[in-house]
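Residue-level structural notes
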Amino acid sequence: MSVDAKQAIRNAVEAELAAERFYRLLADSTDHDDSRAFLEEMASQERDHAEAIKKMGAEVVDGPLPEHAVGKVEGIETLPEWRFVDGISHVDALQVALAAERQAALYYDAIAECFTGDVRKLFDDLSKAEEEHAQRIERLMQGD
């Protein structure tokens, strides 16, 4: 399936919103205060990221973005096998978030290869942002 720049940007927005929902489900599945706080913070960041992508996208493409994503964007920045796990520990929460952020970084890096110019830069920047999130999580895991 071929996706144009507008659709790729819409897919990215929807992937971030799916990540927000995923982190909120995980937060609801734990009784561990640190885990819940971390996962709720991740959910808020994903919501903010979706809004930023929408804004950046409007700056690099002409006209409105499509109203809906195409394809299965829910798996771009989530690990569906964790979606209905109860009692997520803090270590589990960090590991899941790390894997999801790295997965998103790889996805955006691959999508960037499909474009040139400002659209490519947008997806390169998204990939870097996801990798920065992953590095932040690694530091949390190391206790920094």
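Residues numbered from 1 in each chain as written. Predicted model: local features only at pLDDT ≥ 70, side-chain atom pairs only at ≥ 80, totals over all residues. Heavy atoms only, no water.

**Focus: the overall build of the chain**
Worth spelling out the cut-off: Secondary structure counts use DSSP, requiring at least four H or I residues in a row for a helix and at least two E residues in a row for a strand, with both numbered from the N terminus. We compute the radius of gyration over the C-alpha atoms and compare it with the globule rule, which gives 2.2 Å times the number of residues raised to the power 0.38. Accessible area is worked out with a 1.4 Å probe on protein chains only. A residue is then buried under 20% of its type maximum, exposed over 50%, and partly exposed in between.
Looking only at helices and strands, one finds four helices and zero strands in the chain. A compact globule built from 144 residues would reach a C-alpha radius of gyration of about 15 Å, and the chain, at 15 Å, matches this within 12%. For the C-alpha atoms alone, the extent of the chain along its principal axes is close to 45 × 30 × 25 Å. Out of the 144 residues in the chain, the part that is buried amounts to 42%.

**Here's the deal with helix α4 (residues 117-141)**
Since the α-helix advances by 3.6 residues per turn, residues separated by three or four positions end up pointing in the same direction. Put simply, the rule reads: Multiply 1.5 Å by the residue count of a helix minus one, and that product is the helix's expected span. Any two residues having at least one pair of non-hydrogen atoms within 4.5 Å are treated as being in contact.
Spanning 25 residues, α4 covers 36 Å between terminal C-alpha atoms, matching the ideal 36 Å at 1.5 Å per step. Inspection of α4 places Val119, Leu122, Phe123, Leu126, Ser127, Glu130, His133, Ala134 and Ile137 among the buried residues, and these make up the whole buried set. Summarising the contacts, the buried residues of α4 are in contact with α1 (5-28), α2 (33-60) and α3 (90-112). Positive backbone phi, at 85°, marks glycine 143, one or two positions downstream of α4.

**Structural notes on the nonpolar core**
So the rule is basically this: In this text, buried Ala, Val, Leu, Ile, Met, Phe, Trp, Tyr and Cys residues form a nonpolar core when linked through side-chain atoms within 4.5 Å.
Membership of the largest hydrophobic core comes to 22 residues, with the highest contact counts inside it found for Ile9, Ile53, Tyr108, Phe115, Phe123 and Leu126. Elements represented by at least two residues in this core include exactly α1, α2, α3 and α4. Looking at this core, the element that brings in the most residues is α1, giving seven residues. Those residues within four positions of isoleucine 9 in sequence are excluded, and the remaining contacts are Ile53, Gly57, Val60, Val61, Leu65, Leu122 and Phe123. Membership of the second largest hydrophobic core comes to 19 residues, among which are Ala19, Phe38, Leu39 and Ile88.

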